[in-house]
Amino acid sequence: MKRYSAWQLFREGLRGGKGWGMAWRTPKPKKQYDVVIIGAGGHGLSTAYYLAKNHGITDIAVIEKGWLGGGNTGRNTTAIRSNYFYPESAQLYDLSVRLYEGLSKDLNYNVMFSQRGMMVLAHSEPEMEMAARQYNAMRLNGIDAEFLDAKEVRKRAPILNYRDDARYPIHGAVNQPRGGTGRHDAVAWGYARAADALGVDIIQNCEVTDFLMEGGRCVGVNTAFGEIRSGMVAATVAGHSSVIAGMAGFKLPIHSYALQAFVSEPYKPVLDTVVLSPAVGTYISQSDKGGLVFGGALDRVPSYGQRGNMPVQEAVIGGLLEFMPALSKVKLLRHWGGIVDVTPDSSPIIGPSGVDGLYLNCGWGTGGFKAIPAGGYLLAHRMATGQHHEISRPFDLDRFTTGRLIDESAASGIAH
Amino acid sequence: MQIFTCPFCGPRDEREFHFIAEAGKTRPDTLNQISDEDWAAYLHSHRNEKGHVREIWMHTTCGELFLLERDSVTMEVLGSTALREAGQ
Ligand SMILES: Cc1cc2nc3c(=O)[nH]c(=O)nc-3n(C[C@H](O)[C@H](O)[C@H](O)COP(=O)(O)OP(=O)(O)OC[C@H]3O[C@@H](n4cnc5c(N)ncnc54)[C@H](O)[C@@H]3O)c2cc1C
Ligand SMILES: [Zn+2]
């Protein structure tokens, strides 16, 4: 792999960028691999990278029906945080934040992780009590947290609605200073380039259409380019997890829904942190280009349509204007949707699928961008060693049978 | 705005409707001992199909449950059937 550096940037600047070369190869698939990974989103690519880097398994194909990073990884609003309620979740998402902290260096690719903080607003005295509970839970979980009063929130985000007649007056907030945003495409591209350099074949425009099964064991996949056999198969297909499970003859505890997001025209800097108002359900940050990036709740109609509906658009934009009325004249540039894989407890599924040889890393729903490094790291550990990492153990599919759910939807009122 | 049709009230705005569950699941007989697996499958396993789906929805305005058939990719509505008749 040709290393990127300030010196290279300077040199290529003088040469008109002619020496950069391709960031990854476009290989023809072989007939057989040690591991086949279905889906080249962040989780598929990071699974491949950590299998190669941490466990020396490099004979891997990542098979993608479209282009790499073209699923939810390239459609999300890039909030990264670990301010969860339960210890299991805090461990999982904080592993991810820690990996993100070193990721640009590790991948030799700038993923633009900007730890600008993430504030969750409280709009009443009862909400302040719940905020204190959340703050305490975070501290007990060993996660950085600050409990802010209204004056402090105002200092950090003067653009919010501080009028006396605000329908949702701001009483305070819980802040996670290490939270922030990253560059979604760069995460996919960085992992792809680093995995490719370790020998991983990334096969794009190749849909997996079926599994090869022998004696009840999954021994490979059927694809648009023909049969590919493999020792182990991992599915990292987010909103399409149930479709993949259907091919292997089982069902998952997942519903697929559209989640929408919005970006405005670029404006001068008005907000240098991520803000979420659970009361109205909208969250927002400003990208380095100046675009105001925001989103809210799921559409309520199960969908594979990859576009959103009007009622939720109205609720998200209306909610935003309640706590940031100054944005009422802002013009939207784009709006889009992605299909997310929602579990009953809003926690992911990592580990064996129940079908021999087939593994899952899915169920991340509305919040799996922040978890891309951890999801790949932990599934790679599970596949290579045959044992769960202690952090991924609680997120095994078996929790739906034992009843040990990790109900973050109820506990922390999660948003993305 | 998507329009769904309540078999009793006619075509209405999607905001008046609530998704309940996939059609065709029957609750295991809990008077007898059932396995954890069967109970978990009843509670949590979904077909979650891409394409033609059959679902139970409620029209929250009149409170009636009915069978909605639609396409989960194009969002086209293929039909609404009252459960009272269909269940007989
Ligand atoms: C609008 C929106 C906003 C979001 N905001 C945030 C946020 O702020 N923070 C956060 O942490 N998370 C957020 N998320 C969630 C996050 O984007 C996802 O959880 C995460 O990107 C999932 O990554 P993945 O690699 O599992 O899936 P994806 O990136 O969707 O990758 C799956 C890939 O599998 C491929 N695939 C599917 N079926 C097949 C097949 N049969 N054969 C071959 N390939 C196949 C798809 O083409 C796709 O490229 C958001 C999601 C959306 C939609
Ligand atoms: Zn009705």
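The name given to chain B in an unreviewed UniProt entry is Sarcosine oxidase subunit delta, with Cognatiyoonia sediminum as the source organism.

Per an unreviewed UniProt entry, chain A goes by Sarcosine oxidase subunit beta and derives from Cognatiyoonia sediminum. According to the UniProt record, the Subcellular location (unreviewed entry) comment for chain A reads "Cytoplasm".

(A) Focus on the overall build of chain B. Counting secondary structure elements, chain B contains two helices and six strands. Starting at the N terminus and walking to the C terminus, you meet the elements of chain B as β-β-β-α-β-β-β-α. In chain B, which comprises 88 residues, the proportion classed as buried is 34%. Put simply, of all contacts in chain B between residues at least 6 apart along the chain, 39% involve residues at least 24 apart. Roughly 5200 Å² of accessible area belongs to chain B as shown, and the carbon and sulfur atoms make up 51% of that amount. For chain B, the separation between the mean place of its 9 positive charges and that of its 15 negative charges on side chains is 3 Å.

(B) How the structure looks around the pairing of strand β9 (residues 208-214) of chain A. Residues and elements named next belong to chain A. For β9 and strand β10 (residues 217-223), the ladder comprises six bridges, and the chain directions are antiparallel. In the strand pairing of β10, Leu212 is matched with Gly220. Between β9 and β10, which follow one another and run antiparallel, lie two residues, and Gly215 among them has a positive phi close to 55°.

(C) A look at a nonpolar patch on the surface. Judged by side-chain polarity, Trp7, Phe10 and Leu14 of chain A come together as a nonpolar surface patch covering roughly 420 Å² of accessible area. Looking at the element boundaries, Trp7 of chain A is found in helix α1 (residues 6-14).

(D) The arrangement of the domain arrangement of chain A in detail. Residues and elements named next belong to chain A. Structurally, chain A comprises domain 1 (29-109 + 183-254 + 344-402) and domain 2 (118-177 + 256-340). Between the C-alpha centres of domain 1 and domain 2 the distance comes to 29 Å. Counting the surface domain 1 buries against domain 2, the share from its top three residues, Arg75, Thr77 and Phe85, is 35%. Counting the contacts that link domain 1 with domain 2 gives zero salt bridges. In this assembly, domain 1 and domain 2 are joined by 10 residue pairs in polar contact (both at pLDDT 80 or more). Those elements that provide at least two residues to the side of domain 1 that touches domain 2 are α3 (87-101) and α8 (241-248). Here the element with the most residues in the side of domain 1 that touches domain 2 is α3; it accounts for four residues.

(E) View of the site of ligand 1. Residue and element names in this part refer to chain A. Glu64, Asn72, Thr73, Thr77 and Lys370 are the nearest of the 38 residues found near ligand 1. Thr77 is positioned with one of its side-chain polar atoms (N or O) 2.7 Å from an oxygen atom of ligand 1. The backbone of Ala79 places a nitrogen or oxygen atom 2.9 Å from an oxygen atom of ligand 1. Out of a free accessible area of 1000 Å², ligand 1 has 97% covered by protein chains. Those elements that place two or more of their residues in the shell around ligand 1 are α2 (42-55), β12 (255-266) and β16 (332-342). In the shell around ligand 1, the residues fall into 14 nonpolar, 19 polar and five charged. Taken domain by domain, the shell around ligand 1 gets at least three of its residues from each of domain 1 (29-109 + 183-254 + 344-402) and domain 2 (118-177 + 256-340).

(F) Geometry of the layout of surface pockets. Residues and elements named next belong to chain A. Taken as a whole, the second largest pocket encloses approximately 670 Å³ of empty space. What lines the second largest pocket is a set of 26 residues, and nearest its centre among them are Arg183, His184, Ser287, Lys289 and Val293. For the lining of the second largest pocket, the secondary structure elements donating two or more residues are α7 (184-197), β12, β14 (282-286), β15 (291-302) and β16. Along the lines of polarity and charge, the residues of the lining of the second largest pocket split into six nonpolar, 13 polar and seven charged. Both domains that meet at the lining of the second largest pocket, namely domain 1 (29-109 + 183-254 + 344-402) and domain 2 (118-177 + 256-340), each give it at least three residues.

Basis of the calculations
- Residues numbered from 1 in each chain as written.
- Chains lettered and ligands numbered in written order.
- Predicted model: local features only at pLDDT ≥ 70, side-chain atom pairs only at ≥ 80, totals over all residues.
- Heavy atoms only, no water.
- UniProt positions renumbered as here; feature names shortened; annotations may be inferred.
- Helix = DSSP H or I, 4+ residues; strand = E, 2+ residues; numbered from the N terminus.
- Buried < 20%, exposed > 50% of the residue type's maximum accessible area, 1.4 Å probe, protein only.
- Contact = heavy atoms within 4.5 Å.
- Areas by Shrake-Rupley, 256 points an atom, 1.4 Å probe, with all protein chains shown as cover.
- Lys, Arg positive; Asp, Glu negative; His and termini not counted.
- Charge placed at Lys NZ, Arg CZ, Asp CG, Glu CD.
- Pairing = 2+ DSSP bridges.
- Patch = residues over 30% accessible without salt bridge, like charges linked within 9 Å, V, L, I, M, F, W, Y side chains within 5 Å.
- Salt bridge = Lys/Arg side-chain N within 4 Å of Asp/Glu carboxyl O.
- Domains from an automatic or database assignment.
- Buried area = accessible area lost by both parts, 1.4 Å probe.
- Polar contact = N/O pair within 3.5 Å; in protein donor to acceptor, adjacent residues only side chain to side chain.
- Near = heavy atom within 4 Å.
- Nonpolar A, V, L, I, M, F, W, Y, C, P; charged D, E, K, R; others polar.
- 1 Å grid on protein atoms, 1.4 Å probe; cavity = no way out; pocket = protein on both sides within 12 Å on 5 of 7 lines; lining within 4 Å.
- Points joined across faces, edges and corners; volume = space filled by probe spheres on them.

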